[in-house]
Amino acid sequence: MSDGIISSLLSNEKKIIEDAKRQITDVYLQDDRPWVVGYSGGKDSTVVVQLVFEALRELPSKKLHKKVYVISSDTLVETPLIIQSINHTLRKIQEKSLDLGLPIETHKVKPVVEQSFWLNIIGKGYPSPNQQFRWCTDRLKIDPANQFITDKVNSFGEVIMVLGVREDESATRANVIKSHTVEGKVLMRHSTLSNAYVYAPIKGFKLDDVWDYLLSSPSPWGDDNFELHRLYQDSSSGECPLVVDKTVKDTAGSCGNSRFGCWVCTVVNEDKALSGFIQSGHDWMKPLLDFRNWLSSIRDDRSRRMKYRMNGQIYFKDIKVETIDGVETHVIPKKGSRPKQFIPLEQYVIVEKDQLKAYVDENGIDLSAAEDHKILVSYFDEETNTKKLAQLGLGPFTMETRREILERLLQVQKDLQHPDDPNYELIKEEELKAIRKVWYKKGEWDDHLPVIFNSVMGYDLDWEVDDRPLFNKDQLSDLDLLCDEYKVDIKVLKKLLSIEKDFSGYKVRRGLMDEISKVLKQDYLHL
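Residues numbered from 1 in each chain as written. Predicted model: local features only at pLDDT ≥ 70, side-chain atom pairs only at ≥ 80, totals over all residues. Heavy atoms only, no water.

### Side note on the packing of helix α10 (residues 272–279) against helix α11 (residues 286–297)
For any two helices packed against each other, the geometry comes down to the angle between their axes and how far apart the axes lie. The cut-off we apply is this: In this analysis, axes come from line fits to C-alpha atoms, helices being fitted only over the stretch in contact, and the angle between any two N-to-C directions falls in the range 0 to 180 degrees. By definition, any uninterrupted DSSP run of H or I lasting at least four residues is a helix, any uninterrupted run of E lasting at least two residues is a strand, and each is numbered from the N terminus. In this scheme, roughly parallel covers angles under 35 degrees and roughly antiparallel covers those over 145, while 65 to 115 is roughly perpendicular and the rest are oblique. Throughout, a crossing is termed right-handed when the near helix is turned clockwise from the far one, and left-handed when it is turned anticlockwise from it by less than a right angle. By the convention used here, residues are in contact when the closest approach between their heavy atoms is within 4.5 Å. Classification convention: Asp, Glu, Lys, Arg as charged; Ala, Val, Leu, Ile, Met, Phe, Trp, Tyr, Cys, Pro as nonpolar; all other residues, Gly among them, as polar.
One can describe the packing of α10 onto α11 by two numbers: an axis separation of 9 Å at closest approach and a directional angle of 155°. In terms of orientation, α10 lies roughly antiparallel with respect to α11. The handedness of the crossing between α10 and α11 comes out as left-handed. Of the residues in α11, those touching α10 at Leu-274, Ser-275 and Ile-278 are Lys-286, Leu-288 and Leu-289. Partitioned by chemical class, the residues of the contact of α10 with α11 number four nonpolar, one polar and one charged.

As structure tokens, then:
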């Protein structure tokens, strides 16, 4: 009887795989639209790539009439061992495809340097991502993948995205898949890209189906699926799919709980991606985890954040006040790694909202500096007919903090003992040069970045001469004194001079007045 049950299970498993491959073949042969297959290195995407590979291998060569692009996302902050594995697998898939004459091409998609993680954090001062402000996924994953898809749409008219999404992953994912599915149709419309369609060949697979197939069907390009299975032995390890639209982003959650996420992920309170590898014996990654934890810990430190947004906008956040042991107290809720805090109101300076500018000017307070002046703003809320207290909302990291992040990151890079790549880089040369340009345009004319790099790494890069400051240190000091004497914000003056330099030499300086207007209309200048 038990033999019959086992036989039935094996037969059922075989039928699931055969049905999937048959459908893949049918969909492939239906038209000339090229396929773009998402590969993240995880179990589900591995199943999809392997099924597609095997289905194409079984077709006669004359029917292999269109391209299949296998793409992986490299955010430039991937967990080192995972990106190493993905690179290795992409090469093997490409080599085996060429040997067999299969129309498969492998590609890695990366964010443009202007949208890289470190340019946004260190260059622009973005606070590290969290659940409420998860700015990283769009810039590092969705946009690069969508650009690749758009390029193929422009070349071929339409494309089909082949993804390893499954209804069994979660109720939310199942609902999203169903909401995009047209009854009787195999393909779903892409949620944001016109002329792009989504095909999910394993959407009906259960978790057991995935592993049964991978562990019973050797990788056609020679990878070890049992090694992949070992990565998932830690129950906290999840999937980190190739994200190609907002719906996948919203249902995927953070990859910080996955072995396949970014090593610097701060969206989760505890990074299990790196911790899992370290517990498995990869101790050389501990400096990465320490740096990630430090970066997460400074996110909501008011002394490390400017008190206005990147565009100069000021905003206020109401505070919660409770009377504790007879003392009026500002209660700051727990957030991420920050514990709940209780600060007596007597430690603050309370200023009427319409008097804030006068108070800031009289006390020479720089709202962009690395200091928390403990100011509360009092105002009358007409909706509730009550007096309320608010704090200045937080903006980007201060320049001092950005320089510290860079210095610490370079130190970790210098000291890191990668067993397979002694020259492993955590931040690329092109990112450093782009960050230098961003700092310069923001008025960082002291040109700290080359100095920081040299002090940590012990050598210089080939820095562009054109990015050197307009003024030397003595001239900057004189300019600072003049601005102070005539009550001119030196940051504004620097930005205006940088804008003029950017537009100099053009006959038609379209947009110049708009850029100048943006600088002069910054909220913090007109409190």
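That covers the picture; the talk isn't over yet.
### Describing the pattern of salt bridges
Where we set the bar: Only one rule defines a salt bridge in this text: a Lys or Arg side-chain nitrogen within 4 Å of an Asp or Glu carboxyl oxygen. Think of it in three bands: residues with accessible area under 20% of the maximum for their type are buried, residues over 50% are exposed, and the middle band is partly exposed, with areas taken using a 1.4 Å probe on protein chains only.
As enumerated under the stated definition, the model contains 30 salt bridges in all. Linking Arg-22 and Asp-19 is a salt bridge whose minimum nitrogen-to-oxygen distance equals 2.8 Å. Taken together, the residues Arg-22 and Asp-19, both in helix α1 (residues 2–30) and three residues apart, mark about one turn of the helix. Assessed through its relative accessible area of 30%, Asp-19 is described here as partly exposed. Of the charged contacts, one joins Lys-387 and Glu-352 as a salt bridge, the two residues approaching to 3.3 Å between their closest N and O atoms. Of this pair, Lys-387 sits in strand β13 (residues 386–392) while Glu-352 sits in strand β11 (residues 349–352); the two residues are 35 residues apart in sequence, bridging distant segments of the chain.

### As for the sheet that holds strand β8 (residues 320–324)
This is how it is decided: Think of it this way: DSSP has to see at least two bridges between two strands before they count as a pair.
Spatial ordering of the open sheet is given by β8-β9-β10, a layout of three strands whose pairing is antiparallel. With partners counted over all chains shown, the strands left at the sheet margins are β8 and β10 (341–344), one partner each. With direction set aside, neighbouring strand axes in the sheet form an average angle of 40°. As paired strands, β8 and strand β9 (residues 327–332) are joined by five bridges and run antiparallel to one another. Along β9, the bridge assignment pairs Glu-322 with Thr-329.

### Some thoughts on the sheet that holds strand β3 (residues 104–109)
Picture the strands of a sheet paired through backbone hydrogen bonds; they go either parallel or antiparallel. Here six strands make up an open sheet; going across it, the order is β3-β2-β1-β4-β6-β5 and the pairing mixed. Looking at which strands have only one partner, the edges of the open sheet turn out to be β3 and β5 (188–189). Here three bridges tie strand β1 (residues 35–38) to strand β4 (residues 159–162), and the two strands are oriented parallel to one another. Along β4, the bridge assignment pairs Trp-35 with Ile-160. Sheet strands touched by helix α3 (residues 80–100): β2 (68–73) and β3. Its angle to β3, the strand with the most contacts, is close to 160°. Packing against the sheet, helix α5 (residues 136–156) makes contact with β1, β2, β3, β4 and β6 (196–199), and its axis sits at approximately 160° to β2.

### Focus: the packing of helix α2 (residues 43–57) against helix α7 (residues 207–216)
Close contact between α2 and α7 brings their axes to 10 Å; oriented N to C, the two are set at 55°. As judged from the angle between their axes, α2 and α7 are oblique. Relative to α7, α2 is oriented so that their crossing is left-handed. On the side of α2, the interface is formed by Lys-43, Asp-44, Thr-46, Val-47, Gln-50, Leu-51 and Glu-54, while α7 contributes Leu-207, Val-210, Trp-211, Tyr-213 and Leu-214. Per-class residue counts for the contact of α2 with α7 are seven nonpolar, two polar and three charged.

### Overview of the environment of Ile-435
Position of Ile-435 relative to the elements: it lies in helix α14 (residues 429–441). Judged by relative accessible area, Ile-435 falls into the buried class, the value being 0%. Between the alpha carbons of Ile-435 and Gly-123 there is a distance of 4.6 Å; along the sequence they are 312 residues apart. Discounting residues that sit within four places of it in the chain, Ile-435 has contacts with Trp-118, Leu-119, Ile-122, Gly-123, Ile-427 and Leu-449.

### Overview of the state of the cysteines
Put simply, the test is: The definition used for a disulfide is geometric: two cysteine sulfur atoms within 2.5 Å.
Inspection of the entire model under this criterion finds zero disulfides. Lacking any disulfide linkage, Cys-262 is separated from the closest cysteine sulfur, that of Cys-265, by 6.6 Å. Take Cys-265: it sits in no disulfide, and the sulfur closest to it among the cysteines is that of Cys-136, at 6.5 Å.

### Side note on the layout of surface pockets
Here is the rule: A pocket here means an open set of points on a 1 Å grid, computed over the protein atoms alone, that has protein on both sides within 12 Å along at least five of seven lines. A cavity is instead a set of points where a 1.4 Å probe fits but cannot get out; residues with an atom within 4 Å of a point line either one. Grid points are joined across faces, edges and corners, and a volume is the space filled by probe spheres set on the points.
A volume near 940 Å³ is recorded for the largest pocket. For the lining of the largest pocket, the secondary structure elements donating two or more residues are β7 (316–318), β9, β10 and β13. The greatest single-element share of the lining of the largest pocket, amounting to three residues, is contributed by β9. In terms of residue class, the lining of the largest pocket is made up of 14 nonpolar, nine polar and 14 charged.

### Considerations on unusual backbone geometry
Of note in the backbone geometry, Asp-325 takes a positive phi value of approximately 55° without being a glycine. Its location among the elements puts Asp-325 in the loop between β8 and β9. Despite not being glycine, Lys-374 has its phi angle at roughly 50°, a positive value. Tracing the backbone through its elements, the reader meets Lys-374 in the loop between α12 (356–362) and β12 (375–381).

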